[in-house]
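Each chain is listed here by its residues.
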Amino acid sequence: MLQLFTWRVVVFFFFWLFLQVLVSNAAGIDNYEEARRKMVKAIESDVRETSLYINKKSLDPRVMSVMGRVERHKFVPSAEQSRAYANQPLPIGHGQTISQPYIVALMTDLISVDPEDKVLEIGTGSGYQTAVLAEMGAEVFSIEIIGPLASKAAKRLQESGYDRVKTRQGDGYYGWEEEAPFDAIMVTAAAGHIPPPLIRQLKPGGVMVIPVGSRFMVQQLVLVTKDGAGALTTRQILPVRFVPLTGEH
Amino acid sequence: MDKKAANNQQDLAPPRLTILLVSAMALSYEILLMRLFSIVQYHHFAYMVISLSLLGYGASGTFLVFFRQRFLHRFSLTLIANILLFGIAVIACYLGGQHLLFNPDEMFWDNRQWLKLFALYLFLALPFFFAANCIALTFSKYRLKIAAIYAADLFGAGLGSIFVIGLLFVVFPGKLLLLLGSMIFVIGVVAWLELRLQPTWPTFCFIGAAVVLFLLPAAWTNLAISPYKGLSQQLRIKGSTIVEEQSSPLAWLAVVKSDLVPLRYAPGLSLSAESEPPAQIGIFMDGDSMNVITRFADDISELAYLDKLTTALPYHLLQPQDVLIFGAGAGSDILQALYFNAGSIDAVELNPQVVKLVRERPQFSGNLFDRENVHVHIGEARSFVSGSSKKFDLVQLPMLESFSGSAAGLYSLNENYLYTVEALQEYIKHLNPAGYLSMSRWVKLPPRDTLKLFATAAEALKNLGIQHPEAHLVMIRSWQSASLLVKKSPLSLEEIGLVKEFCHERFFDLVYYPGMQQQEANRFNIMRRPYFYDGALKLLGNDSARFMERYKFNIKPSTDDKPYFANFFKWQTLPEILNLKGQGGMVLLESGYLILVLTLFQATAASLVLILLPVTVKPHAPDQEAIWSRSRIVVYFFAIGLGFLFLEIAFIQKFILYLGHPLYAAAVVLAVFLVFAGMGSQFGQAKRIGVIWPVIIILGLGMGDLIFANLLFSVLNWFPGFIKVLIAILMLGPLAFCMGMPFPLALTDVGAAAPDLIPWAWAVNGCASVVAAVLATLLAIHFGFTAVVLTALVLYGLAAATFPAGKKLRGGRSVTG
């Protein structure tokens, strides 16, 4: 009698557990979609605030739509999943971070990627920015110097269906000579200076964007433009709305 | 305690050697913690964490208010238990603390970091708590010998400061942690023998434990360096290894070779650069800011990249015969001077170990520091200039800090005598008539240090009697770095032409030259507005004061009395930046200053709790007759706690330039203060001196020393080192001697009137010391070090006024009962 009771309890427990998993998964899907929507709203609000600096009131709708589609939670470590869609940078191990979604959107917008553009990314990191660029329709080439990060990101991108992305583990200083020139280059790894080979691999009319600062805080975005004649200019963009003098607008 | 017991106690000698050693170890640990946290974290957080952990002293006093009687019954065993706990905590609490993996960078994003920070405080306060228990218990037990115990405490701290600074030259910080832990166990043996406890076999156990502690496996005791620091990042790259380490109280140096991926360190390199730097070896200081030794082969064309930096500008304007470089580091700027065929190069470097590391690699560095025309001097740059009569064609101040540190405002607490108005005047005086002073900084947005430096240069030129400073200045910038040139004579049109050409070829922007038009600004590295040009122009105009007032960062020139060049913080900007938090606006926060304020706030709040807790929980029957009322104790002991530290800190600063090295200044001044104060403490008791006399002398000597210290640097800087130290002893010794008296005189008196309040007075004094260290820096930032000294003197005056009337001539003896 007692045995039968115990069995029932065990069966009931597992059934309950199964239900829990089902419910939580379903809730998870809903939660993530809802979280992404909220994240996009947060980005839009940041963009409005900084419109003065980035010279536009809103980002390219294609960028915003991509930000709403790419599953960021798949690119963060499991310990950070609950914060995957918060508008903040997160640690991903190996002393690296996944950038703040607002910065990812802003950088993607700055290089204005068109479908079929060739984009080179130095510093794959988690692979999230790579996925955003791929989702924009670009042909993405991404190099990561830290071995374990490179292999993990490559696997993750493959599993998420970004088959056209080409990744490589190694030194990004010399770019990807065989595939050059590029329409856009994104240097998401900290750079002591802008490597001359990367400038050479930029198409006339192409742009390069570099975030400058620490792992958790972007101080400024540097946008390098090569005009049709090959002349270079840079623009320095503060990612926040701030003027240094009182009373100045 | 009855009279008989008190008499017995009077006959016994307090364990002075034990107290001396415990105090020496506590101070050693404090300095060691600063080193350890500078390595695993960042210096400014080390400062905050350690300041607050010293509240362990205050906590000890509060704790003993409740448990004093219980512990005094078993004094010997309690003392020894506290020593042993101190020894264990020294090691365990640091190791536990570093494994909390607190990351200050995430504080604005992740609230869990605040909890970790709080836990870190608690961990690190424990060792100081146990050490302070030893001293406070001994005060309570031998309350008629307080002066002798206090003297031992001060002597110990003085010796500890010299001891640990010496040891840090030969032992790595990680190993020193174990060494301190085991030495503290040996102090347990000393205490056992000093207290004549029987049997003696436990002493062997202590020695055994000391050996075990020292031999703890390395895997347990490795330093957990933040993964976000430069060295950790570099070591992630395949083929990067540390090939040599050096350590001193100044920094831990790690020499890194990267075989597969070259380091390619060339910050500020022009976009027009065609080539990359040759092979380099990195030297990381405290796991961050990298310096490089660049391979100097016979083929000089390998160094062509040195012509593509903003720092190359002066070499295009003149062919210098005599060059002076501040911060030789691993030699990048010497290399640049050699590349441009400079005649003779003098370079000053603070850290002798950096120089040694370069010298040990003559083949790689091309014997850089030992070439015929290169002269490397070890010391503080300002002292070197002021002590030299040589004139130079070019004085170079390269970018000395790491970019990330500089950008985050982490250096704002560091006193910096290189960029003050007086400093720039001194450099300009040492230029030949057509010579240049060249200073380079990282570009921060919105502009901060570059504009502050520009304002400082303009003011220095004015102070030197130059009518038109605007004719002597040139500033250029890349997207990453900016260089400011100050010429002793006005710039010629030809030179201006060369500047324009230099910038045009390298995609650098002109920020300012005499006669520049707005359309020439902001051409290659484009900002929304030509902020740098606008700022420079405003700073030269009649309205410069108003411009600095309206600017959202503090860009007013710093002076020797307020040497905080890197403090750009303004309170009025704070609300705006906090509003931008979500967008990552925290990058605009000059966090160094705020950390200081936050530290003061936390220290004050914690002190209030520690001081008020005994009052609220254990209300003392109000005694109208009591000579030492609680409020009197608070005012008196807080005032002398603040006063002592204020004078100590201010005079360390005043002596940095004179003694020529911040480390020697700290060691000499600390040792003089503590040892002489110890002697004063003894003397005061022996002579039954009244508190009013030492205070009067403190006021007189304090004023005298202040005036004299300001003259020292300008008048007596030519003396050899040992005479300078002797002058420091002669000046500060008598002052410190008197400063050693007020504490024991009053505590003895408190002990006679209300022995229960001894630990409480100790708690008040402990809390005051913590608040004092932070408050002194804050006062110095706003009002200067002169104001810190004056405030200290007022505080001593206040203490004297608080001392009970009629007691002043009896000092060292109990008068009640």
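Residues numbered from 1 in each chain as written. Chains lettered and ligands numbered in written order. Predicted model: local features only at pLDDT ≥ 70, side-chain atom pairs only at ≥ 80, totals over all residues.

Draft legend 1. Inspection of the overall build of chain A at higher detail. Scanning chain A from terminus to terminus reveals seven helices and nine strands. Expressed as a percentage of the 249 residues in chain A, the buried residues total 49%. Within chain A, contacts between residues separated by at least 24 positions form 55% of all contacts whose residues are at least 6 apart in sequence. (Helix = DSSP H or I, 4+ residues; strand = E, 2+ residues; numbered from the N terminus. Buried ≥ 20, exposed ≤ 12 C-beta atoms within 10 Å, placed from the backbone. Contact = placed C-beta atoms within 7 Å.)

Draft legend 2. Local environment of the overall build of chain B. A tally of helices and strands in chain B yields 31 helices and 13 strands. Relative to a compact globule of 817 residues, whose C-alpha radius of gyration would be 28 Å, chain B shows 28 Å and is just as compact. C-alpha extents for chain B along the principal axes are approximately 95 × 55 × 55 Å. The contacts of chain B with a sequence gap of at least 6 include a subset with a gap of at least 24, amounting to 79%. (Rg over C-alpha atoms; globule rule 2.2 N^0.38 Å.)

Draft legend 3. Region of interest: unusual backbone geometry. All names here are of chain B. Omega for the peptide link from Q198 to P199 comes to -10°, which places this bond in the cis form. Looking at where P199 falls in the secondary structure, it is placed in the loop between α8 (173-194) and α9 (201-214). Omega for the peptide link from L445 to P446 comes to -15°, which places this bond in the cis form. Here P446 shows up in the loop between β9 (431-442) and α19 (449-463). For D286, which is not glycine, the phi torsion reads 50° and is therefore positive.

Draft legend 4. Region of the structure containing helix α3 (residues 43-53) of chain B. Residue and element names in this part refer to chain B. The element α3 is extensively covered by neighbouring structure, given that nine of its 11 residues are classed as buried. Every buried residue belonging to α3 is among H44, F45, Y47, M48, V49, I50, S51, L52 and S53, and all of these are buried. Where α3 is buried, its residues touch α2 (16-40), α4 (55-73), α6 (112-141), α24 (591-617) and α30 (758-783).

Draft legend 5. Just the nonpolar core, in detail. Residue and element names in this part refer to chain B. Ranked by internal contacts, the top residues of the largest apolar core, which has 375 residues, are M25, V669, V764 and A776. Here this core gets 21 residues from one element, more than from any other, and that element is helix α25 (residues 630-659). Leave out the neighbours within four places in its chain, and V764 touches I611, I633, V634, F637 and F638. (Core = buried A, V, L, I, M, F, W, Y, C linked by C-beta atoms within 7 Å.)

Draft legend 6. Main features of the interface of chain B and chain A. Residue-level contacts link 47 residues of chain B with 44 residues of chain A. Only α11 (230-235), α17 (403-407) and β13 (525-526) of chain B provide two or more residues apiece to the side of chain B that touches chain A. Relative to β13(B), strand β9 (residues 232-237) of chain A runs parallel, the two sharing two bridges. Bridge pairing in β13(B) places A:R235 opposite B:I526. (Pairing = 2+ DSSP bridges.)

Draft legend 7. Summary view of the confidence of the model for chain B. Residues and elements named next belong to chain B. In the predicted model, chain B carries a mean pLDDT of 88, and the fraction of residues at 70 or more is 94%. Predicted confidence for residues 1-7 stays below pLDDT 50, and this span has one contact to residues more than four positions away or in other chains. Here residues 807-817 is a poorly scored stretch, pLDDT under 50, and it has 29 contacts once near neighbours within four places are set aside; other chains count. Confidence estimates for the predicted assembly give a pTM of 0.88 and an ipTM of 0.83. (pLDDT = per-residue confidence, 0-100.)

Draft legend 8. Representation of the environment of B:L670 within the structure. Residue and element names in this part refer to chain B. Locating L670 in the fold gives a position in helix α26 (residues 662-686). You can call L670 buried: it has 22 C-beta atoms within 10 Å. Residues L670 and S489, 181 residues apart in the sequence, show an inter-C-alpha distance of 44 Å. When near neighbours in sequence (up to four residues on either side) are disregarded, L670 contacts G158, S161 and E648.

Draft legend 9. Spotlight on the environment of B:Q336. All names here are of chain B. By the secondary structure assignment, Q336 is in helix α13 (residues 332-339). On the basis of neighbour count, Q336 is assigned to the buried category, with 24 C-beta atoms found within 10 Å. Taking the C-alpha atoms as reference points, Q336 and D105, separated by 231 residues in sequence, lie 35 Å from one another.

Draft legend 10. Structural context of the pairing of strand β10 (residues 473-477) of chain B. Residues and elements named next belong to chain B. Of all five residues in β10, five are buried, a share of seventy percent or more. Taking every second residue as pointing to the same face, both faces of β10 are buried, with L473, M475 and R477 on one and V474 and I476 on the other. The sheet contact formed by β10 and strand β11 (residues 481-487) spans five bridges and is antiparallel. Residue R477 lies in a different strand from β11, and its bridge partner there is A482. As consecutive antiparallel partners, β10 and β11 are separated by three residues.

Draft legend 11. Seen up close, the domain arrangement of chain B. Residues and elements named next belong to chain B. Domains assigned within chain B are domain 1 (1-226), domain 2 (230-289), domain 3 (303-568) and domain 4 (620-817). Each of domain 2 and domain 3 was reduced to a C-alpha centroid, and the two centroids are 24 Å apart. In this assembly, 23 residues from domain 2 lie in contact with 25 residues from domain 3. When contributions to the side of domain 2 that touches domain 3 are tallied by element, the ones reaching two or more residues are β1 (240-247), β2 (252-258), β3 (280-285) and β4 (288-294). Grouping the constituent residues of the side of domain 2 that touches domain 3 by class yields 12 nonpolar, eight polar and three charged. (Domains from an automatic or database assignment. Nonpolar A, V, L, I, M, F, W, Y, C, P; charged D, E, K, R; others polar.)

Draft legend 12. Local environment of the sheet that holds β11(B). Residue and element names in this part refer to chain B. The strand order across the open sheet formed by eight strands is β7-β6-β5-β8-β9-β11-β10-β12, and the pairing between neighbours is mixed. Edge positions in the open sheet fall to β7 (374-378) and β12 (509-512), since each of these has one partner strand only. If you compare each strand with its neighbour and ignore which way they point, the axes differ by 20° on average. As paired elements, β10 and β12 share three bridges and run antiparallel to each other. Note that in β12 the partner of M475 across the bridge is Y512. (Axes fitted to C-alpha atoms, helices over the stretch in contact; angles between N-to-C directions.)

Draft legend 13. The arrangement of the confidence of the model for chain A in detail. Averaged over chain A, the pLDDT score is 85; the fraction of residues at 70 or greater is 83%. The low-confidence segment residues 24-28 of chain A, where pLDDT is below 50, has zero contacts with residues more than four positions distant or belonging to other chains.

Draft legend 14. Molecular detail of the sheet that holds strand β6 (residues 182-187) of chain A. The strand order β5(A)-β4(A)-β3(A)-β6(A)-β7(A)-β8(A)-β9(A)-β13(B) describes an open sheet built from eight strands, whose pairing is mixed. Only two strands of the sheet have a single neighbouring strand rather than two, namely β5 (166-169) of chain A together with β13 of chain B. Alignment of strand β3 (residues 118-122) of chain A against β6(A), held across four bridges, turns out to be parallel. Directly across from A:L120, in β6(A), lies its bridge partner A:I185. Along the sheet, helix α4 (residues 101-110) of chain A makes contact with β6, β7 (202-213) and β8 (218-226) of chain A, crossing β8(A) at roughly 10°. The sheet strands contacting helix α6 (residues 147-159) of chain A are β4 (139-144) and β5 of chain A, and the helix crosses β5(A) at an angle near 165°.

Draft legend 15. Structural view of the environment of A:T167. Residues and elements named next belong to chain A. By the secondary structure assignment, T167 is in strand β5. C-beta crowding within 10 Å serves as the criterion here: with 21 such atoms nearby, T167 is assigned to the buried category. Taking the C-alpha atoms as reference, T167 lies 31 Å from S58; in sequence the two are 109 residues apart. What T167 contacts, discounting residues up to four positions off in sequence, is T124, S142, E144, A150, A153, A154 and L157.

Draft legend 16. Quick look at α25(B). Residue and element names in this part refer to chain B. For α25, spanning 30 residues, the distance from its first C-alpha to its last is 42 Å, which sits close to the expected 44 Å at 1.5 Å a residue. With 26 of 30 residues buried, α25 is to be regarded as a mostly interior element. The first or second residue beyond α25 is G660, which carries a positive phi of 80°. (Expected span 1.5 Å × (residues − 1).)

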